[in-house]
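# Architecture at a glance
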Amino acid sequence: MWKGRFKSEPSSLLTLYGESISFDWRLYKQDIIGSIAHAKALERKGIINTEELKTIKDGLESIGKDIEQGTFEFDTSLEDIHMNIESALTERIGDTGAKLHTARSRNDQVSLDMRMYCKEEISYLIKEVKNLQSSLINCCETFSEVVLPGYTHLQRGQPVLFAHHLLAYVEMLSRDTDRMSDAIKRIDVMPLGSGALAGSTISLDREFIAQELGFSKLSQNSMDAVSDRDFVAETLFCLAMVGIHLSRLSEDIILWTSAEFDFLTLSDQHTTGSSLMPQKKNPDIAELTRGKTGRLNGNLISIMTTLKGLPMTYNRDLQEDKEPLFDSIDTIQNAVAIFSEMIGEMKVNEEKTLEACSDPFLFATDIADYLVLKGVPFREAHEIVGKLTAHSVESGTPFQEIKMERYLEFSCHFDESVFDLFDIKSALNSREATGAPSPKNVTIQIDKWKTKLSD
Ligand code: ARG
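Now for a description of the structure that goes with this document. (Residues numbered from 1 in each chain as written. Predicted model: local features only at pLDDT ≥ 70, side-chain atom pairs only at ≥ 80, totals over all residues. Heavy atoms only, no water.)

### Concerning the site of the ligand
Contacts to the ligand come from Ser20, Asp80, His82, Arg106, Asn107, Val110, Tyr314, Gln319 and Lys322. Within the side chain of aspartate 80, an N or O atom sits 2.9 Å from a nitrogen atom of the ligand. Interatomic distance of 2.5 Å between a side-chain N/O atom of lysine 322 and an oxygen atom of the ligand. The fraction of the free accessible surface of the ligand (340 Å²) that becomes covered by protein chains is 86%. With 3 residues, the single largest contributor to the shell around the ligand is helix 6 (residues 106–142). Considered class by class, the residues forming the shell around the ligand number 2 nonpolar, 4 polar and 3 charged. (Near = heavy atom within 4 Å. Polar contact = N/O pair within 3.5 Å; in protein donor to acceptor, adjacent residues only side chain to side chain. Areas by Shrake-Rupley, 256 points an atom, 1.4 Å probe, with all protein chains shown as cover. Helix = DSSP H or I, 4+ residues; strand = E, 2+ residues; numbered from the N terminus. Nonpolar A, V, L, I, M, F, W, Y, C, P; charged D, E, K, R; others polar.)

What follows is the structure, given as structure tokens:
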């Protein structure tokens with residue numbers, strides 16, 4: 001493609017070192033669609049005629065079909081997807097093909113392809129994440145009555161509904177889909193016309209190209225357009241954040257399926273055995289997802305590190321944006337899909353969650369609140385219940401079995417009504433502020449999400 005300037009072929013080591021076709025072939029669809037739109041703009045400008053446009057379009061589409069069918073032979077010496085397609089086009093249609101690259105550089109071309117790719121993949125992922133949310137909501141409904149200790153520091157804190165715990169993940173995932181939709185706004189910028197870095201002396205109708213390709217905005221600075229990869233970094237952040245949320249859910253699932261907790265049973269289909277220990281049923285999906293989140297984070301750091309010291313404008317370093325992006329897209333799409341399946345099949349072991357909720361210390365805060373409602377300042381109430389807890393631990397007497405006279409030694413504000421606190425249902429019912437886990441609130445949230453997700 002640049003033979004004019006050179007007297008010898010590149011070293012075969014350079015060819016292998018510099019090629020990206022082994023991974024950027026994935027951009028073939030975007031490259032072809034982008035090239036067709038560009039050819040249309042060339043025709044409007046009179047650089048090619050209508051017949052030539054048709055020849056180019058047909059040629060590109062036939063290349064697309066061959067790639068789809070696996071019959072296209074990629075040539076490593078042609079470096080990347082852009083040159084593979086352009087060279088095949090000229091081979092197939094002759095000289096007309098050689099006109100396609102007018103007023104265009106691979107620098108604006110690759111940015112265009114990457115932007116189209118990100119838009120498409122993110123839109124697909126948003127749908128998949130919504131499926132996962134629906135799967136979580138189904139699980140909330142199936143186990144809507146199940147109560148669970150809520151933890152801080154992985155120590156039992158206060159009672160919650162199992163559904164409230166899962167709904168927390170639904171919230172996280174909805175921020176993720178919002179974030180991805182928002183990222184699309186910044187990705188949705190059409191860079192073609194920026195050329196190598198300074199546009200072109202042949203001005204094409206950029207608005208027309210943008211419209212053809214479904215972009216809502218045009219890049220406003222040719223230098224920025226060819227060197228910008230913030231959109232890749234932002235995409236990778238969005239994907240990593242989904243991964244981080246799934247990784248936290250993984251950790252809950254791993255803990256809950258351990259014999260120590262035994263709150264949850266995963267289906268046989270979504271667990272693996274051990275080659276040595278016959279009894280094992282391992283939560284590999286959750287562990288792999290927790291593990292793969294390392295890659296997602298690594299890919300984000302990788303692109304940010306690539307970008308940080310680059311002079312304006314395009315530098316070949318930017319080719320390093322692709323593998324992390326493709327890897328993160330594959331990783332997160334697989335994780336989200338398999339999670340939707342696994343969540344749909346998991347079962348809660350209600351006796352175990354109930355048993356864990358019989359821990360009277362889950363009501364300690366409620367006792368303090370009870371004293372507050374009787375006029376005791378909260379700090380004082382906190383101390384009283386702290387002492388009461390110490391007494392309970394030392395004497396081995398749970399709150400509900402401590403005698404009234406003993407209660408009165410801790411505070412004169414106690415009366416028989418304190419014993420009403422130790423009922424898990426009423427403890428949950430009284431947590432009724434917006435966002436708190438009363439069964440009424442949780443039902444409202446489940447219904448809200450069902451309506452939202454069915455849109
Ligand atoms: N394969 C290259 C990349 O992904 C395409 C752009 C190459 N441009 C250049 N001037 N060498 O970045």
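### Side note on the pattern of salt bridges
Side chains that differ in charge, positive against negative, can pair when their charged atoms come close. In this structure the tally under the stated criterion is 28 salt bridges. One salt bridge connects lysine 40 with glutamate 212, and the closest N-O pair in it is separated by 2.8 Å. On the criterion of sequence distance, the pair formed by lysine 40 in helix 3 (residues 28–45) and glutamate 212 in helix 8 (residues 206–213) is long-range, its members being 172 residues apart. For lysine 40, a relative accessible area of 25% corresponds to the partly exposed category. Between aspartate 366 and arginine 431 there is a salt bridge whose closest N-O contact spans 2.8 Å. Of the two residues, aspartate 366 sits in helix 14 (residues 364–373) while arginine 431 sits in the loop between helix 17 (424–429) and helix 18 (439–454), which places them 65 residues apart along the sequence. Through salt bridges with shared partners, one network takes in Glu79, Asp80, Arg106 and Arg316. (Salt bridge = Lys/Arg side-chain N within 4 Å of Asp/Glu carboxyl O. Buried < 20%, exposed > 50% of the residue type's maximum accessible area, 1.4 Å probe, protein only.)

### Details of the packing of helix 3 against helix 5 (residues 81–93)
Helix-helix packing is characterised by the crossing angle of the two axes and by the distance between the axes. The contact between helix 3 and helix 5 brings their axes to 10 Å, and the two run at 55°. In terms of orientation, helix 3 lies oblique with respect to helix 5. Like other packed secondary-structure pairs, helix 3 and helix 5 cross with a definite hand, here right-handed. Residues Tyr28, Asp31 and Ile32 of helix 3 pack against Ile81, His82 and Ile85 of helix 5. Taken together, the residues of the contact of helix 3 with helix 5 break down into 4 nonpolar, 1 polar and 1 charged. (Axes fitted to C-alpha atoms, helices over the stretch in contact; angles between N-to-C directions. Parallel < 35°, antiparallel > 145°, perpendicular 65-115°, else oblique. Left-handed = near helix turned anticlockwise from the far one by under 90°. Contact = heavy atoms within 4.5 Å.)

### Let's talk about a nonpolar patch on the surface
A surface patch of nonpolar side chains, amounting to about 350 Å² of accessible area, comprises Met1, Trp2 and Phe6. Among the structural elements, phenylalanine 6 can be located in the segment before helix 1 (12–18). (Patch = residues over 30% accessible without salt bridge, like charges linked within 9 Å, V, L, I, M, F, W, Y side chains within 5 Å.)

### So, the environment of glutamine 109
Residue position: glutamine 109 is located in helix 6. For the pair glutamine 109 and serine 194, spaced 85 residues apart in the sequence, the C-alpha separation amounts to 9.1 Å. When near neighbours in sequence (up to four residues on either side) are disregarded, glutamine 109 contacts Asp31, Ser35, His82, His101, Arg104 and Leu192.

### Digging into the packing of helix 6 against helix 7 (residues 162–187)
At a minimum axis distance of 9 Å, the contact between helix 6 and helix 7 shows a crossing angle of 165°. Here helix 7 runs roughly antiparallel to helix 6, going by the angle between their axes. In the packing of helix 6 onto helix 7, the handedness of the crossing is left-handed.

### Focus on unusual backbone geometry
A negative phi angle characterises most non-glycine residues, just as the trans form characterises most peptide bonds. That bond from methionine 312 to threonine 313 is cis: its omega, -5°, falls within 30 degrees of zero. Structurally, the position occupied by threonine 313 is in the loop between helix 11 (284–308) and helix 12 (322–345). Phi is positive for glutamate 79, close to 65°, though the residue is something other than glycine. Mapped onto the secondary structure, glutamate 79 falls in the loop between helix 4 (50–69) and helix 5. With relative accessibility at 13%, the residue glutamate 79 sits in the buried group. A positive phi angle is found at histidine 153, which is not glycine, with a value near 55°. With respect to the secondary-structure elements, histidine 153 resides in the loop between strand 1 (147–152) and strand 2 (155–161).

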